[in-house]
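Residue-level listing of the chains:
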Amino acid sequence: MKLTGKEGYTFVEGGVCAAKGFKANGLNCGLNPNKDKNDLGLVYSETPCHTAGVYTQNKVKGAPILVTKKNLEASGGITKAIIVNSKNANTCNADGEQKAERMCELTAQALGIVKEEVIVASTGVIGQVLPIEPIETHIEKLAAGLSEDGNERAATAIMTTDTVKKEVAVEFVLGGVTCRLGGMAKGSGMIHPNMATTLNFVTTDVAIETSLVQKALNEIVKITYNCLSVDGDTSTNDTLTVMANGLAGNACITEENEDYAIFKDALYIVLMNMTRMLAADGEGATKLLECSVSEAKDVDTAIIVAKSVICSPLFKCAMFGEDANWGRVLCAIGYADADFSIEKVDVDLASENGSIAVCRNGAGVEFSEEFAKEVLSADTIYIRVSLHDGDSQATAWGCDLTYDYVKINGDYRS
């Protein structure tokens, strides 16, 4: 997928290892019976990191989330490592927290740090007891294999039904100092976030106070991850963390100044592109859907309308069938819980193959069905909605709904 950036920011390789001082590794410990697939990952910073996080708002929360939040509170937001497994979510288990805490203890022992400095995360099947023995017997090997080019091994270790690994990193300048910020994400199904989605880890060598990392993360999540939906299901294990170790050597960001704005833009670029990757790799998906709402009276209205379109099962099916059934867009806009006039709404459908107007002032306009089919045959479809009610805008991302989505989730546990 082509990455979308901004002047002053350069895309670089390395994912979570792009920033100075970060190492990573991943391997198969036996949780996944397919020995060719990594199922245990580790990220480590040689120096302490100011860390922020956001988590699922599902009332059912995975044990790793509960333990990670306790660790961050105990350490004052300082961490040095992430331990994460796939194949098993460690959720809805009586011994879940005990297992998650044990993962932190094992990681701390292997790295010579304290367990409160460890972020723990799990993804996979809910309600199955997590075997801790495979992790106990492989943690030393995992830690010994940490390297500055281990990002890909870690990124593949968090994959479940993902078909591709998801990594993005950018380089930028703060006060004459070169800095980097990069991340990795996993997610393909059970995606409809109310904070972030799936498992997502971001690292940076920027020097910045914890409170400002958290503030930037909260603001950027609202317009990226919270504007993503694959299937309308909010996961129990959603976790997104940002670790900043300060090794770039910039003057520490302690207020919302120009350097803070530059940092926040870097975070936006990485999270926005990972959001697009997650949407494009939705379970069974053949198309990335990007709905942009403009001329709204405020950002919240724009977000609500854009997500309403992206979440519509009927519209998602129409896009899979390459059917310009624009009435489904208007229907989804119409039940959006926001205040605007439907009589002012314009809608266009577009792709690399061209653009076509399908609705003006809330009513249909004539268009070529043949050309519409050509527009919708592309891999990425843009739905452009104008509310003609202000100057705010927002974008939401999703994917089409296909036969394969049902096939994948019909036998997910096996």
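The preceding data block contains the structure.
Not measured: the values here are computed from a predicted model.

A few words on the overall build of the protein. Helix and strand counts for the protein stand at 11 helices and 15 strands. Its C-alpha atoms put the protein at 70 × 50 × 35 Å along the principal axes. Counting all 414 residues of the protein, 56% fall into the buried class. Summed over all atoms, the accessible surface of the protein reaches about 16300 Å², with 48% contributed by carbon and sulfur. Separation of charge centres in the protein, based on 36 positive and 56 negative side chains, amounts to 4 Å.

Once that is clear, we can look at the side chain of S86. Looking at the element boundaries, S86 is found in the loop between β4 (78-85) and α2 (96-111). The class of S86 is buried, set by a relative accessible area of 1%. A distance of 2.8 Å separates a polar side-chain atom of S86 from the backbone oxygen of A157. When residues no more than four places from it in sequence are discounted, the contact partners of S86 are L31, N38, D39, T123, A157, I158, M159 and T160.

By the burial criterion, the buried members of helix α9 (residues 327-334) are V329, L330, A332 and I333. Mapping the buried residues of α9 onto a view down its axis gives an arc of 160°, with all of them on the same face. Packing partners of the buried residues in α9 comprise α7 (299-311), α8 (313-320), β11 (346-351), β12 (354-360) and β14 (380-386).

Looking now at the pattern of salt bridges. As enumerated under the stated definition, the model contains 20 salt bridges in all. A salt bridge links K166 to D281, with the shortest nitrogen-to-oxygen separation between them at 2.7 Å. Of the two residues, K166 is situated in strand β6 (residues 166-174) and D281 in the loop between α6 (258-280) and β10 (288-296); the sequence distance between them amounts to 115 residues. Judged by relative accessible area, which is 1%, K166 ranks as buried. Among the ionic contacts, a cluster of salt bridges with common partners joins K215, E219, E256 and K264.

One can describe the packing of α2 onto helix α3 (residues 133-144) by two numbers: an axis separation of 9 Å at closest approach and a directional angle of 35°. Crossing angle aside, the handedness with which α2 passes α3 is right-handed. Here R102, M103, L106, T107, A110 and L111 of α2 lie close against α3, whose contacting residues are I135, E136, I139, E140 and A143.

A few words now on the environment of K23. Mapped onto the secondary structure, K23 falls in strand β2 (residues 22-27). With 22 residues separating them in the primary sequence, K23 and S45 have C-alpha atoms 6.5 Å apart. Discounting residues that sit within four places of it in the chain, K23 has contacts with C17, L42, V43, Y44, L146, S147 and E148.

Residues of α8 that are buried: F315, K316, A318 and M319. Angularly, the buried residues of α8 cover 160° about the axis, an arc narrow enough to put them on a single face. Positioned one or two residues after α8, E322 has a phi angle of 55°, which is positive.

The residue G5 is located in the segment before β1 (10-11) in this model. Classification of G5 by relative accessible area gives partly exposed; the value is 43%. The contact partners of G5, leaving out residues within four places of it in the chain, are F11 and I269.

In this section: unusual backbone geometry. Here the phi dihedral of K87 falls at roughly 85°; this positive angle occurs in a residue that is not glycine. Looking at where K87 falls in the secondary structure, it is placed in the loop between β4 and α2. The phi dihedral of N361 falls on the positive side, at around 55°, and the residue is not glycine. Taking relative accessible area as the criterion, N361 reaches 54% and is therefore assigned exposed.

In this structure, F172, V347 and I383 are the most contacted members of the largest nonpolar core, which totals 78 residues. Of all the elements, α6 adds the most residues to this core, at 13 residues. In this structure I383 touches L289, E290, C291, S292, V309, F315, V329, V347, D348 and L349, once residues within four positions along its chain are discounted.

Turning our attention to the environment of S229. Looking at where S229 falls in the secondary structure, it is placed in the loop between α5 (210-223) and β9 (239-244). Accessibility expressed as a relative area gives 2% for S229, which makes it buried.

A few words on the pairing of β14. Pairing of β10 with β14, which is carried by seven bridges, proceeds in the parallel orientation. The residue bridging S292 from the neighbouring strand is R384, located in β14. Bridge count for β11 against β14 is five bridges, and the pairing is antiparallel. The partner of D348 across the bridge, within β14, is R384.

Rules behind the numbers
Residues numbered from 1 in each chain as written. Predicted model: local features only at pLDDT ≥ 70, side-chain atom pairs only at ≥ 80, totals over all residues. Heavy atoms only, no water. Helix = DSSP H or I, 4+ residues; strand = E, 2+ residues; numbered from the N terminus. Buried < 20%, exposed > 50% of the residue type's maximum accessible area, 1.4 Å probe, protein only. Areas by Shrake-Rupley, 256 points an atom, 1.4 Å probe, with all protein chains shown as cover. Lys, Arg positive; Asp, Glu negative; His and termini not counted. Charge placed at Lys NZ, Arg CZ, Asp CG, Glu CD. Polar contact = N/O pair within 3.5 Å; in protein donor to acceptor, adjacent residues only side chain to side chain. Contact = heavy atoms within 4.5 Å. Arc of directions from axis to C-beta. Salt bridge = Lys/Arg side-chain N within 4 Å of Asp/Glu carboxyl O. Axes fitted to C-alpha atoms, helices over the stretch in contact; angles between N-to-C directions. Left-handed = near helix turned anticlockwise from the far one by under 90°. Core = buried A, V, L, I, M, F, W, Y, C linked by side-chain atoms within 4.5 Å. Pairing = 2+ DSSP bridges.

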